[in-house]
Amino acid sequence: MVKNKKEGKLLFTTDYKKTYAQSDVIFIGVGTPENADGSANLNYVYTVAQQIAESVERDCLVVIKSTVPIGTNDKIEAFMKEHLINNVQIEVASNPEFLAQGTAVRDTLHASRIVIGVESENAKQILTSIYEPFKQPIVAMNRRSAEMVKYASNDFLALKISFVNDIANLCEKVGANIEDVTNGMSYDERIGNRFLNPGIGYGGSCFPKDTKALHWLAEEEGYILRTVKAAIDVNEKQKYALIKKARNDFPTFNEKKVAVLGLTFKPGTDDLREAPSIPNIRLLLNEGARIQAFDPVGIENYKKLFPDQIAYKHSIEEALEDADLCFIFTEWPEIKEMDLDLFKKQMKTPHIYDGRNCFSLCEIENKGINYHSIGRPS
Ligand code: UGA
């Protein structure tokens, strides 16, 4: 990518008017955050669409990468045609994005598929010629189907996680071990072995928003999307699965020194959007807990949310010092590979509540700690 910049193939600019005017293809990749009612906020998409319509000086294809409700591509095309200033032909195509945070470049260069939603042979031909060099499967369909592929894919993955969390909770009750259960399931190729990790729920800027947006959209159509609703409900409850366990040992967290390891919604990113750590920390603080937290990259962002209420620490060792209990919210490699003797050495009483099953039960045995995880025997 740096090479492309050096060779003049990649240019960054704030002069959108000039750039749009000269482009044959324009990709829109702005955010579509959640509105208070669960619907998708399309303000950014429309703002850009208007800027493009008012700037283009030659025929062009506008490609929407942002995750937008089904039917939005049609509406954006009509909206842009209304706002065109010059006498040019404009067409909109859908090209949903499947990359995950922290692995964006890899996911782009080695995508499982490239979905294009087009209404004309011309749009199909342009997008195919752009993506051909990537040598990945190109799947063409109409715009509405492409918009739906994005939501259906994310919601299916969210469902998979909520299902595993549901089964994990039941495993605890019936004396099964979710790790063995998912391992046993994963040999069936129809099920696969990915996105079967139980935990304290999915977070991030996509699954929470996209499940709610599709559920909202279905309701608008007079249809209740029961499976997606179940995924949302299970996830909401799962966020507090660890606190519930800790309550058995600590009826109140008031004045307790609580170590927190991991703040971000998943490893490999400093993103805190919908991170399960947030509602948990809020609850602990409201109850008067004294929190000392460690995260390899999330602290600076966390300070914006909780500037003074948390003692931020730069090592696991410091975060554990003198603590009554410890919560693990993110499975960072640093945490998974930590010296397990630190729990006993550093903490006042080593009660560990691991929301991401970071350690194997064998490793934990004989460490003299009180260890609780998700879906596995304590
Ligand atoms: C997700 C999808 O994985 C991408 O394919 C999609 O393109 C992206 O949303 C998007 O719509 O932009 P992302 O939110 O970055 O990507 O992260 P994931 O790796 O999917 O993880 C989401 C959440 O699920 C995390 O909180 C993670 O801890 C949780 N998770 C994931 C589990 O609890 N269990 C698992 O087995 C996997």
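Because the structure is a prediction, the values reported are computed rather than measured. (Residues numbered from 1 in each chain as written. Predicted model: local features only at pLDDT ≥ 70, side-chain atom pairs only at ≥ 80, totals over all residues.)

1. So, helix H4 (residues 72–83)
The test is simple: For the purposes of this entry, the term helix denotes a DSSP run of H or I that reaches at least four residues, the term strand denotes a run of E that reaches at least two, and both are numbered from the N terminus. The span you would expect from a helix comes to 1.5 Å times its residue count less one. Any residue surrounded by 20 or more other C-beta atoms within 10 Å of its C-beta is treated as buried, while 12 or fewer makes it exposed and the intermediate range makes it partly exposed; C-beta atoms here are placed from the backbone. Arc, as used here, means the arc of the directions from the helix axis to the C-beta atoms. Contact definition: two residues whose C-beta atoms, as placed from backbone geometry, lie within 7 Å.
For H4, spanning twelve residues, the distance from its first C-alpha to its last is 16 Å, which sits close to the expected 16 Å at 1.5 Å a residue. All buried positions along H4 are accounted for by Thr 72, Asn 73, Ile 76 and Met 80. Down the axis of H4, the smallest arc covering the buried residues is 95°, so these residues share one side. The outward face of H4, more than 90 degrees from its buried face, is lined by the exposed residues Ala 78 and Glu 82. In this structure, the buried residues of H4 make contact with helix H3 (43–55), strand S2 (60–64), strand S3 (90–94), strand S4 (114–117) and helix H7 (143–174).

2. Focus on helix H10 (residues 226–238)
Over its 13 residues, H10 extends 18 Å from the first C-alpha to the last, a length consistent with the 18 Å expected when each residue adds 1.5 Å. Check the buried side of H10 and you find it contacts H7, helix H9 (207–220) and helix H11 (241–249).

3. Notes on the confidence of the model for the protein
Atom-level detail of predicted coordinates should not be read off regions where pLDDT is low. Selection rule: One confidence number per residue, pLDDT, is output by the predictor and ranges from 0 to 100.
Here the protein averages 96 in pLDDT, and 100% of its residues register 70 or above. Across the whole predicted complex the pTM is 0.95, and at the interface the ipTM reaches 0.99.

4. Here's the deal with the pairing of strand S8 (residues 310–313)
Rule in force here: Two strands form a pair only when DSSP identifies at least two bridges running between them. By convention, a crossover is right-handed whenever its connection, traced from the first strand over the helix to the second and viewed with the strands pointing away, goes clockwise.
In terms of strand pairing, strand S7 (residues 290–294) meets S8 through four bridges, oriented parallel. Bridging from a neighbouring strand, Ile 291 pairs with Ile 310 of S8. On the question of chirality, the crossover connecting S7 to the parallel S8 by way of helix H13 (residues 299–305) is right-handed.

5. Here's the deal with the UniProt feature "binding site: NAD(+)" (unreviewed entry) in the protein
Applicable threshold: UniProt positions are given in the numbering used here, feature names are shortened, and annotations may be inferred rather than shown by experiment.
The UniProt record annotates "binding site: NAD(+)" (unreviewed entry) at Thr 32, Thr 67, Lys 209 and Arg 273. Mapped onto the elements, Thr 67 comes out in the loop between S2 and H4. On the neighbour-count criterion, Thr 67 (22 C-beta atoms within 10 Å) is buried. Residues within four places of Thr 67 in sequence aside, it is in contact with Thr 32, Pro 96, Lys 150 and Asp 210. Inspection of the secondary structure puts Arg 273 in the loop between strand S6 (257–261) and helix H12 (277–286). Judged by the 18 C-beta atoms lying within 10 Å of it, Arg 273 falls in the partly exposed class. With residues near it in sequence (within four places) discarded, Arg 273 still touches Gly 204, Ser 205 and Phe 265.

6. With respect to the domain arrangement of the protein
To keep it simple, the criterion reads: All the domain ranges listed were derived from an automatic or database domain assignment. For this scheme, ten residues count as nonpolar: Ala, Val, Leu, Ile, Met, Phe, Trp, Tyr, Cys and Pro. Four count as charged, namely Asp, Glu, Lys and Arg, and the remainder, Gly too, count as polar.
For the protein, the assigned domains are domain 1 (2–141), domain 2 (150–233) and domain 3 (239–372). Centre-to-centre separation of domain 1 and domain 2, based on C-alpha positions: 29 Å. Facing the twelve residues of domain 1 at the interface are ten residues of domain 2. Partitioned by chemical class, the residues of the side of domain 1 that touches domain 2 number six nonpolar, four polar and two charged.

7. Comments concerning the site of the ligand
Selection criterion: Being near a molecule or strand means, for a residue, that its C-beta atom, positioned from the backbone, comes within 6 Å of it.
By nearness alone, 20 residues border the ligand, and Gln 101, Asn 197, Tyr 202, Gly 204 and Cys 206 come closest of all. Per element, the largest residue contribution to the shell around the ligand is three residues, and it comes from H7. Per-domain counts for the shell around the ligand show at least three residues from each of domain 1 (2–141) and domain 2 (150–233).

8. Topic: the packing of H7 against helix H8 (residues 178–186)
For any two helices packed against each other, one specifies the inter-axial angle together with the distance between the axes. To keep things clear, this is the line we draw: Lines fitted to the C-alpha atoms define the axes, with helices restricted to the stretch that makes contact. Angles between their N-to-C directions range from 0 to 180 degrees. When describing relative orientation, an angle under 35 degrees is termed roughly parallel and one over 145 degrees roughly antiparallel, while 65 to 115 degrees is termed roughly perpendicular and anything else oblique. Helix crossings get a hand from a simple test, with the near helix turned counterclockwise from the far one by less than a right angle marking a left-handed crossing and a clockwise turn marking a right-handed one.
The interhelical angle for the contact between H7 and H8, taken along N-to-C directions, is 130°, at an axis separation of 9 Å. Judged by the angle between their axes, H7 and H8 are oblique. Of the two possible hands of crossing, H7 and H8 adopt the one that is right-handed. Residues Val 164, Ile 167, Ala 168 and Cys 171 of H7 touch H8, and the partners they reach there are Ile 178, Val 181 and Thr 182. Grouping the amino acids of the contact of H7 with H8 by side-chain chemistry returns six nonpolar, one polar and no charged.

9. Quick look at the UniProt feature "domain: UDP-glucose/GDP-mannose dehydrogenase C-terminal" (unreviewed entry) in the protein
With numbering aligned to this structure, UniProt lists the feature "domain: UDP-glucose/GDP-mannose dehydrogenase C-terminal" (unreviewed entry) at residues 259–361. Along residues 259–361, the helical share is 32% and the strand share 19%, with 21 Å between the first and last C-alpha atoms.

10. Quick notes on the sheet that holds S6
On the basis of which strands lie adjacent, the open sheet formed by six strands has the order S8-S7-S6-S9-S10-S11 and parallel pairing. Of all the strands in the sheet, just S8 and strand S11 (370–372) have a single pairing partner and so form its edges. Each neighbouring strand pair of the sheet contributes to a mean axis angle of 20°, computed without reference to strand direction. Bridging between S6 and S7 involves five bridges; their strand directions are parallel. Across the sheet, residue Lys 257 finds its bridge partner in S7, namely Arg 290. The sheet strands contacting H11 are strand S9 (325–328), strand S10 (351–354) and S11, and the helix crosses S10 at an angle near 160°.

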